[in-house]
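Observations on chain architecture
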Amino acid sequence: MSDIAIVPAPRELTVDEGRWITADPLGEAVRDVVENLEPNEYRIDVGLDGARLTAGSEDALRHAETTYAQLIEAAEPTDEFGKVAVPLARIADAPRFAWRGMMLDVARHFMPKDFVLKVIDVLALHRLNVLHFHLTDDQGWRVEIEAYPRLTEVGAWRAETMVGKMTRGQKEFEYDGQRHGGFYTKDDLREIVAYAADRGITVVPEIDLPGHMQAAIAAYPELGNHPDQQLTVRQYWGISEDVLNVNDATVEFVKTVLREVLDIFPSPYVHLGGDECPSVQWGESEAAQKRQAELGLDEPGQLQGWFTAQVAEVLAEQGRRLVGWDEMVDTDCPDDAVIMAWRSAERGEIAVKAGHETVMAPCESVYFDYYQGDPATEPLAIGNFIPLEKVYDFEVVPESLTDDEKRLIVGTQCQIWTEYMEGPEQVGYMLLPRLSAFAERAWGSEKVSYDEFLGRLRPHLARIERIGVNYRPLDS
Ligand code: ACM
């Protein structure tokens with residue numbers, strides 16, 4: 001018999017003596033949504049006369065199905081033609097966190113729709129439930145907006161891309177001479193949303209603002225602080241000083257964009273970025289300075305909080321929750337904003353202490369654009385080092401928090417930023433199997449030992465192969 005290898009490990013798994021002999025373990029299992037389980041709970045009972053999957057909701061029943069499919073891989077052939085022997089097992093399971101996410105950056109490098117669907121399959125395989133879709137950035141705008149067609153006609157394409165690794169302060173670059181780009185039509189996005197929903201996954205769109213907007217400013221120069229200058233869609237990495245201006249017309253522009261985005265994505269959560277927004281241009285701009293004075297603000301950087309609050313009205317109108325990167329805590333954001341802590345776990349502690357529900361996404365633990373092996377032999381990456389074992393060891397909730405503060409940590413998320421990932425093959429390589437280790441922490445699987453995890457991971461890799469996504473082979 002092959003061993004039972006469920007990833008992420010369920011909270012409770014008991015294996016009993018004996019086998020259930022059946023020709024069709026999938027078809028013959030009984031499934032029920034029941035009232036005596038919490039909406040996120042499920043149970044699996046394989047006894048001598050059959051298997052029963054029960055769950056507190058349709059979503060939890062989907063998790064039961066995923067776990068059950070992994071459980072019955074341990075069935076062995078019998079002497080009876082066409083029948084297998086399934087180990088008797090009882091599983092009682094529920095996730096630790098409500099938000100179990102992965103962020104995919106399709107702005108730095110566009111990813112084909114079919115690959116996004118496979119990523120959703122990978123998330124479902126790991127009982128994760130959020131795809132955070134980073135749709136816009138300086139280097140590309142990827143979502144069709146009918147009111148502003150130039151966002152994709154112009155903003156979705158860059159003439160070429162820098163080659164090699166960008167270092168801090170670098171001004172001169174070598175380029176590849178190849179046009180790069182692409183975007184999703186509204187139909188594409190609705191298909192992605194529906195495919196994800198069928199698998200219990202919410203697609204949370206991100207429109208990153210007011211920084212990381214150079215592609216939009218290249219399409220509509222009047223959005224920038226130097227409307228007389230024609231910018232290009234950015235062709236190298238790093239942080240752009242070209243951010244949105246704070247004029248009324250720009251607020252209206254963004255609101256119109258967001259209304260179209262909300263129309264595509266039914267997610268109760270909508271991400272408005274907020275990270276890495278230099279305020280140099282606001283300090284130099286007469287119009288921004290006038291606005292700063294009118295609002296009685298002390299510094300140009302405070303305009304970010306004001307701008308975000310203006311455009312977030314569109315979310316409030318429709319009862320959606322604002323999500324933002326942890327810089328939002330520094331810029332006077334709405335009290336009910338969900339904060340995504342990325343600069344460090346400590347930023348998560350600060351967000352929680354400020355009373356925000358928080359998703360832990362700290363770069364030191366769950367940034368999968370970081371190296372996972374020796375840079376001398378690995379594909380070019382942004383830097384740093386997060387091997388598989390470090391992801392396995394990740395502690396989502398900082399110990400120093402009080403119990404009340406800990407309750408504000410609603411979940412965790414891993415990130416795939418694609419500056420150095422040109423397509424699906426590179427994304428798969430950086431994502432997996434680190435995502436499998438991450439899923440254990442997001443689900444709340446017991447940390448038995450890294451070796452025990454590796455024992456389950458080895459056979460699990462075949463499931464990833466069946467989906468057809470690349471992964472980094474385990475070190476021998
Ligand atoms: C980020 O990595 N700039 C959120």
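First, a word on what this report is: a plain description of the structure on this page.

Parameters at a glance
- Residues numbered from 1 in each chain as written.
- Predicted model: local features only at pLDDT ≥ 70, side-chain atom pairs only at ≥ 80, totals over all residues.
- Heavy atoms only, no water.
- Helix = DSSP H or I, 4+ residues; strand = E, 2+ residues; numbered from the N terminus.
- Buried < 20%, exposed > 50% of the residue type's maximum accessible area, 1.4 Å probe, protein only.
- Contact = heavy atoms within 4.5 Å.
- Polar contact = N/O pair within 3.5 Å; in protein donor to acceptor, adjacent residues only side chain to side chain.
- Phe/Tyr/Trp six-rings, centres within 6.5 Å; stacked < 30°, edge-to-face > 60°.
- Lys NZ or Arg CZ within 6 Å of the ring centre and 35° of its normal.

In this section: the environment of R127. Checked against the element boundaries, R127 lands in the loop between α3 (113-125) and β8 (130-134). By relative accessible area, R127 is classed as buried at 0%. As for R127 and G101, which are separated by 26 residues in sequence, their C-alpha atoms are 9.9 Å apart. R127 has contacts with I6, V7, P8, A9, P10, Y42, H63, T66, T67, D93, R100 and W443, leaving out every residue within four places of it along the chain.

This brings us to the side chain of H356. In this structure, H356 sits in the loop between α12 (345-353) and β17 (358-360). Reaching out from H356, the side chain makes a polar contact with the backbone oxygen of A337 at a distance of 2.9 Å. If sequence neighbours within four positions are ignored, H356 has contacts with V329, C333, P334, D335, A337, I339, A351 and L408.

With that out of the way, let us pick up the packing of aromatic side chains. Using the criterion set out here, one finds 16 aromatic pairs in the structure. Ring centres of W99 and Y269 lie 5.1 Å apart, and the angle between their planes is 75°; this geometry places the pair in the edge-to-face category. Linking W99 in strand β7 (residues 99-105) with Y269 in strand β14 (residues 269-273), this pair joins segments that are 170 residues apart in sequence. Y269 sits in the partly exposed class, given a relative accessible area of 25%. Every member of this aromatic cluster is reached through a ring pair, and the members are W325, W342, Y367, Y370 and W417. The side chain of R199 reaches across the aromatic face of Y195, ending 3.5 Å from its centre. The ring of Y392 has R441 sitting right over it, with the charged end atom 4.9 Å from the ring centre.

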